[in-house]
Amino acid sequence: MKTAGWFICLLVYSFSCVGQTLEQRLSMATEKLLSDPQMKHGIVGLQIVKSTTGEKVFELNAQIGLAPASCQKTITSAAAMEILGPGYRYQTAAGYSGSIVKGVLKGDLYITGTGDPSLGSWRFDATKEEKQLDALVDRIQKAGIKKIDGKLIGLTGKWEEETLPGGWIWDDMGNYYGAGTAALNWHENQYDLILRSGQLLGDTVTIVATKPQLYGLTLHSRLTAAAKGTGDNAYIYLPPYATHGYVRGTIPVAENAFVIAGSIPDAAKQFLYTLNRKLDSVQISPKQWTVLTNQTIPLTPLPGMVESPTLDSLNYWFMKKSINLYGEAFLKTIAYEKTGLGSTDKGVSLVKQFWKERGIETSALHIMDGSGLSPQNRVTASALVQVLQYARTRPWFAYYYDALPVFNQMKLKSGTIGGAKSFAGYHTAKDGTTYTVAMMVNNYDGSAGEMVKKMYQLLDELK
């Protein structure tokens, strides 16, 4: 009898679940999440619509501005694809002052940067360091220059000198994901720091090397060895343009070549240092090299340009691997193309105006940067859904959609900063219905990994 009773209860429960609408199931899943101890002091912003019609399926706090973390990249990405176009390419030009006399440049060699974030990047075959250095040297040699009797100069005046947006925190800016963006970038403005730890807990950790070799920078280790399996808990503290930095935290014991990644504090100088070494290797040796912000110098251009991959290709990595550098470059590039100066503040204003013209209230986008790394960003779930819905109508949508990562068997951009976790993107259910979703959780307690599992449980209702 007991077995039969439990069987009947199970059937009743199953039929009641089947009879529930999607809205009811989402409401129950949301209540479950909100009642979780991790959410005692937290808040959820959520909106889900049917992609094809825009019909709202469910929402909660959809008009409350929350920290979106890297889901903010969906906003920057769509604006850049529309304003700049998927075929946009960055161009790094070379030219010279003075004249070439019997193979000797009686003047200075100039490299003019316009913010290419892929210069020297390992992600594309054409942008790898040696290929781009070889291309520049080839152009110099084809111009008949065998020796430089002047300087190698990097011109960066088309972009502001400030490389970081406002609001980025001290703990982030020295690490690879906190790399600033400049008119002349190099190797995605990051380097590997190789570390060696002692055999005992608490032993000091020494710095072995940096790859690539960094110009004008001294790093001091304040690291100690922690237990095996504790992983990377090391942070580099190094602001823009600094010449000294500190590495604090821990790495596991008995590591001979433990690698963490940092941000280059002065990318333009790193690029010129690297190019100068290449020129020295082929006996085209400038007397010295420097960076100038003056952009009114009359130059004789060298033929051809060093071009980046197309924007849709750059955007793929921006979204897929959440490269903050690319988002900040896109933001400044929008400003450069519209105003003549690559500025974060101008880029933010232009992006907000762009979305205002497409129906998103300015007050729904309190943004400080292009990547979402600033904890001061506040965006509504409704605004994220509006952006995603707009992208679906554009001819470049296939590139945009392809760039979204896959999480929980859904095409979602994810975001993570302290106390904030988010997802935004698309999902096609088993019945063929496509949903557009934005979900942000702020001020949760405990493990981010555990919070993600609970967010997935809610999103699973769309399957």
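Report on the accompanying structure. Source: prediction; values computed, not measured.

### Things to note about the nonpolar core
- Grouped together as the largest cluster of nonpolar side chains are 52 residues, with contacts concentrated most on W355 and Y400.
- Of all the elements in the fold, those that place two or more residues in this core are helix 3 (73–83), helix 7 (311–320), helix 8 (324–339), helix 9 (344–356), helix 10 (381–392), helix 11 (397–403), strand 22 (420–428) and strand 23 (434–442).
- Of the residues forming this core, the biggest block, eight residues, is contributed by helix 10.
- Counting residues in each nonpolar core, the second largest holds 26 residues, with L46, Y444, M455 and L462 among its members.

### Here we look at the packing of helix 3 against helix 8
- Closest axis-to-axis distance for the helix 3/helix 8 pair is 10 Å, and the angle between their directions is 40°. In terms of orientation, helix 3 lies oblique with respect to helix 8. Our pair here, helix 3 against helix 8, has a crossing hand that is left-handed. Here helix 3 contributes K73, T76, A79, A80 and I83 to the contact with helix 8, which in turn contributes N324, G327, F330, I334 and K338.
- For the contact of helix 3 with helix 8, the per-class residue count stands at five nonpolar, three polar and two charged.

### As for the environment of L109
- For L109, the location among the structural elements is in strand 6 (residues 109–112).
- Since its relative accessible area comes to 0%, L109 is described here as buried.
- When the C-alpha positions of L109 and N315 are compared, they lie 32 Å apart, and in sequence the two are 206 residues distant.
- Non-local contacts of L109, meaning those with residues more than four positions away in its chain, are made with G95, Y96, I140, I148, K151, L152, I153, L279 and L302.

### Re the packing of aromatic side chains
- Per the counting criterion, the structure on display carries 19 aromatic pairs.
- Between the aromatic rings of Y316 and W317, the centroid separation amounts to 5.3 Å while the plane-to-plane angle is 90°, which identifies the pairing as edge-to-face.
- Relative accessible area serves as the criterion here: at 21%, W317 is assigned to the partly exposed category.
- Ring centres 5.5 Å apart and planes at 40° place the aromatic pair F423 and Y456 in the tilted group. Of the two residues, F423 is situated in strand 22 and Y456 in helix 12 (residues 448–459); the sequence distance between them amounts to 33 residues. Assigned by exposure class, F423 and Y456 land together as buried.
- Within the aromatic cluster, the residues linked to one another by ring pairs are W396, F397, Y400, Y401 and Y426.
- Here R248 stacks its cationic end above the ring of Y237, 5.5 Å away from the centre of that ring.
- Sitting above the plane of the Y401 ring, K411 keeps its charged end 5.2 Å from the centroid.

### Notes on the sheet that holds strand 7 (residues 147–148)
- Spatially, 4-5-7 is the arrangement adopted by the three strands of the open sheet, whose pairing is mixed. The sheet is open, and its two edges are formed by strand 4 (99–101) and strand 7, each paired on a single side.
- As judged from the two bridges shared by strand 5 (residues 104–106) and strand 7, these two strands associate in the parallel manner. Its bridge partner lying in strand 7, V104 is registered against K147.

### Here we look at the environment of D138
- Positionally, D138 belongs in helix 4 (residues 129–142).
- A relative accessible area of 32% places D138 in the partly exposed class.
- The spatial distance from the C-alpha of D138 to the C-alpha of A403 is 34 Å, given a sequence separation of 265 residues.

### Comments concerning the pattern of salt bridges
- Per the counting criterion, the structure on display carries 16 salt bridges.
- With a shortest N-O distance of 3.0 Å, K454 and D36 are connected by a salt bridge. Here the residue K454 occupies a position in helix 12, and D36 occupies one in the loop between helix 2 (22–34) and strand 1 (43–50), the gap between them amounting to 418 residues.
- Accessibility expressed as a relative area gives 16% for D36, which makes it buried.
- Residues E357 and R358 are paired through a salt bridge, measuring 3.5 Å at the closest nitrogen-oxygen approach.

### Focus on the side chain of R139
- Looking at where R139 falls in the secondary structure, it is placed in helix 4.
- In this structure R139 is buried but unpaired, with D138 as the nearest side chain of opposite charge at 7.5 Å.
- Side-chain polar atoms of R139 contact the backbone oxygen of P303, separated by 2.9 Å.
- The residues contacting R139, other than those within four sequence positions of it, are T92, A93, A94, L302, P303, G304, M305 and V306.

Criteria and thresholds
- Residues numbered from 1 in each chain as written.
- Predicted model: local features only at pLDDT ≥ 70, side-chain atom pairs only at ≥ 80, totals over all residues.
- Heavy atoms only, no water.
- Core = buried A, V, L, I, M, F, W, Y, C linked by side-chain atoms within 4.5 Å.
- Buried < 20%, exposed > 50% of the residue type's maximum accessible area, 1.4 Å probe, protein only.
- Helix = DSSP H or I, 4+ residues; strand = E, 2+ residues; numbered from the N terminus.
- Axes fitted to C-alpha atoms, helices over the stretch in contact; angles between N-to-C directions.
- Parallel < 35°, antiparallel > 145°, perpendicular 65-115°, else oblique.
- Left-handed = near helix turned anticlockwise from the far one by under 90°.
- Contact = heavy atoms within 4.5 Å.
- Nonpolar A, V, L, I, M, F, W, Y, C, P; charged D, E, K, R; others polar.
- Phe/Tyr/Trp six-rings, centres within 6.5 Å; stacked < 30°, edge-to-face > 60°.
- Lys NZ or Arg CZ within 6 Å of the ring centre and 35° of its normal.
- Pairing = 2+ DSSP bridges.
- Salt bridge = Lys/Arg side-chain N within 4 Å of Asp/Glu carboxyl O.
- Lys, Arg positive; Asp, Glu negative; His and termini not counted.
- Polar contact = N/O pair within 3.5 Å; in protein donor to acceptor, adjacent residues only side chain to side chain.

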